[in-house]
Amino acid sequence: MNLEQLLASFPHPVGPLRILIVDDQAVNIRALHEVFRGRFEVLMATNGEQAIALCREQRPDIILLDVVMPGISGHEVCRRLKADPETRNIPVIFVTSQSQEGDEALGLEIGAVDFISKPINPVIVSARVRTHLALKLQSDLLRSIAMIDGLTKVANRRKFDEELDLNWRYCLRERRPLSLVLLDLDYFKQFNDRYGHQEGDHCLISVAEVLSDSVRRPRDLVARYGGEEFVGILPDTDCRGATSRAEVIRAAVKALKIEHLGSAVGKVVTISAGVATQIPDFGSTHQALLAAVDQQLYRAKHDGRDRVCATEIT
Ligand SMILES: [Mg+2]
C-alpha cells in the first residue's frame, strides 16, 4: 500500500504529514527542503536543542537528522528522543557524510530506522522517507485500534495508563495542575437486572458520547476505566475547572433521560463523580492522585449519589 492509499484508509482524517529536517548547514537544509516542500509540512532546526524542542511541541511524523553538529550531536538527539515516551515513536533517519560502518551500527543501536548519505539523491531520499512514513502510519493505526474500548469507542484502560503517565510528565514540566474525573453510573447493576444487558450496553454508549462531547480539548482524554466507570484526564485544569466540567457532565447525562426505575436517586440514569487535582512534583507519582480521585468517587456515592465530590492534593 502506498502512502496516499494508506492515508485514505484511515478511519479519521490525518492532517498534513510533518517532516523535521535537522542540520547545522543551511545548504543541506535547503537541499532537503527542496525535495519535500509542497508535499509535506516541513519543519527545520539547525541544532540539537532546537530539534528536541520542536519534536515535543510539533510532533513531526519523521525526522531527518544530521549526525555531526556543534553542541548536541545527532546521535545524542536520537538517544534523548527515544528515551522520552512523547517522542519515542517518531522515526529517525540519519543523514550522514561519514560512511563508516561503525557509525551506522551505532545509529541503528540507538533507534534510527535508516541512513541517507550526503550529498543527497532526491529520488532516493524521497522514496525512503515515504516508506518510513507509511510504516509509521501503519503502526500508529494499529496502536490506536489496540487502545480503544470495543463497546463505547472511547479509549481503554491501557490507553488511560499511558496518557496519565504522559500528562503527569507534561504537567510536571510545565508546573501546571493535572485533574482527574472518575465517574460511575448510579445503580447500574439494578439497571441491567431490570432492562437487560443489551440496554445496559446502549446506556454505556450514550454516556460515553456525552463524555466525549464534554471533554474535548486536544490533550484531554476520556477512557472506560472499568465496567460502568469512566475517567477523564484534564491536564492544565485546576480543581474548580474540573469540578465544573464534572457538573456539566452530570447534568448532560441526566438530560439524556434514560429511564431507570431501579434507581434509588431518581427515575432516570444518573452518575456520581469524584474529582482530584494536583500540581505534579518530583517527589510524588500519579498513584496518590488516582487514589484521591477514587476516594472522592466513593464519597460521592456514600453521600447519596448523583453528585460530584472534589479534592485538591497540595
Ligand atoms: Mg553537520
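Structural data are supplied above this passage.
These figures come from a predicted structure and were not determined experimentally.

Draft legend 1. How the structure looks around the sheet that holds strand β4 (residues 92–96). With respect to topology, five strands assemble into an open sheet ordered β2-β1-β3-β4-β5, the strand pairing being parallel. The open sheet has two free edges, formed respectively by β2 (41–45) and β5 (114–117), since each of these has just one partner strand. On average, each strand axis in the sheet is tilted by 20 degrees relative to the strand beside it, whichever way the strands run. Summarising the sheet, β4 and β5 pair through four bridges and their orientation is parallel. Residue Phe 94 lies in a different strand from β5, and its bridge partner there is Phe 115.

Draft legend 2. Representation of the side chain of His 286 in the model. Structurally, His 286 can be placed in the loop between β9 (271–278) and α11 (287–302). Sequence-distant contacts of His 286, defined by excluding residues within four places in its chain, comprise Leu 164, Asp 165 and Trp 168.

Draft legend 3. View of the packing of helix α8 (residues 188–195) against helix α9 (residues 197–214). It is at 7 Å that the axes of α8 and α9 come closest, and there the two elements cross at 135 degrees. Judged on the interaxial angle alone, α9 and α8 are oblique. Between α8, through Phe 188, Phe 191, Asn 192 and Tyr 195, and α9, the contact on the second element is made entirely by His 197, Glu 199, Gly 200, Cys 203 and Leu 204. Grouping the amino acids of the contact of α8 with α9 by side-chain chemistry returns five nonpolar, three polar and one charged.

Draft legend 4. Examining helix α3 (residues 48–58) more closely. Restricting attention to buried positions, one finds in α3 the residues Gly 48, Ala 51, Ile 52, Leu 54 and Cys 55. One side of α3 holds all its buried residues, which, seen down the axis, span an arc of 165 degrees. Residues Glu 49 and Glu 57 are exposed on α3 and point more than 90 degrees away from its buried face. Residue Asn 47 occupies the N-cap position of α3, its side-chain oxygen lying 3.2 Å from the main-chain nitrogen of Glu 49. Positive phi appears at Arg 59, one or two residues downstream of α3, with a value of about 45 degrees.

Draft legend 5. Structural detail: the nonpolar core. Counting residues in hydrophobic clusters, the biggest one holds 27 residues, and the most contacted among them are Leu 183, Leu 185 and Phe 230. Among the elements that make up this core, the one with the highest residue count is α9 (six residues). Residues within four places of Leu 183 in sequence aside, it is in contact with Leu 211, Glu 228, Glu 229, Phe 230, Ile 249, Ile 271, Ser 272, Ala 273 and Leu 297. The next biggest cluster of nonpolar side chains, apart from the first, holds 24 residues, and it includes Ile 62, Leu 64, Ile 93 and Leu 133.

Draft legend 6. Representation of the sheet that holds strand β6 (residues 178–185). Judged by pairing direction, the sheet is mixed, and its five strands sit side by side in the order β7-β8-β6-β9-β10 without closing on themselves. Of all the strands in the sheet, the pair left with one neighbour each is β7 (221–224) and β10 (308–313). Direction aside, the axes of adjacent strands within the sheet are offset by 15 degrees on average. Relative to strand β8 (residues 229–235), β6 runs antiparallel, the two being bridged by seven bridges. Counted as the bridge partner of Val 181 is Gly 232 from β8. The sheet strands contacting helix α10 (residues 239–255) are β6, β8, β9 and β10, and the helix crosses β9 at an angle near 165 degrees.

Draft legend 7. Molecular detail of the packing of aromatic side chains. Summed over all chains, the structure comprises five aromatic pairs. On the numbers, 5.5 Å between centres and 90 degrees between planes, the contact of Phe 160 with Tyr 225 is edge-to-face. Pair noted here: Phe 160 is in helix α7 (residues 157–174) and Tyr 225 is in the loop between β7 and β8, with a separation of 65 residues, a long-range link. Phe 160 sits in the buried class, given a relative accessible area of 0%. When the ring of Phe 191 is compared with that of Tyr 195, the centres are 4.8 Å apart and the planes differ by 40 degrees; the resulting orientation is tilted. A residue pair is termed a helical-turn pair when its members lie 3 or 4 positions apart in one helix, as Phe 191 and Tyr 195 do in helix α8 at four residues. What makes Phe 191 buried here is its relative accessible area of 2%. A relative accessible area of 24% places Tyr 195 in the partly exposed class.

Parameters and conventions
Residues numbered from 1 in each chain as written. Predicted model: local features only at pLDDT ≥ 70, side-chain atom pairs only at ≥ 80, totals over all residues. Heavy atoms only, no water. Pairing = 2+ DSSP bridges. Helix = DSSP H or I, 4+ residues; strand = E, 2+ residues; numbered from the N terminus. Axes fitted to C-alpha atoms, helices over the stretch in contact; angles between N-to-C directions. Contact = heavy atoms within 4.5 Å. Parallel < 35°, antiparallel > 145°, perpendicular 65-115°, else oblique. Nonpolar A, V, L, I, M, F, W, Y, C, P; charged D, E, K, R; others polar. Buried < 20%, exposed > 50% of the residue type's maximum accessible area, 1.4 Å probe, protein only. Arc of directions from axis to C-beta. Polar contact = N/O pair within 3.5 Å; in protein donor to acceptor, adjacent residues only side chain to side chain. Core = buried A, V, L, I, M, F, W, Y, C linked by side-chain atoms within 4.5 Å. Phe/Tyr/Trp six-rings, centres within 6.5 Å; stacked < 30°, edge-to-face > 60°.

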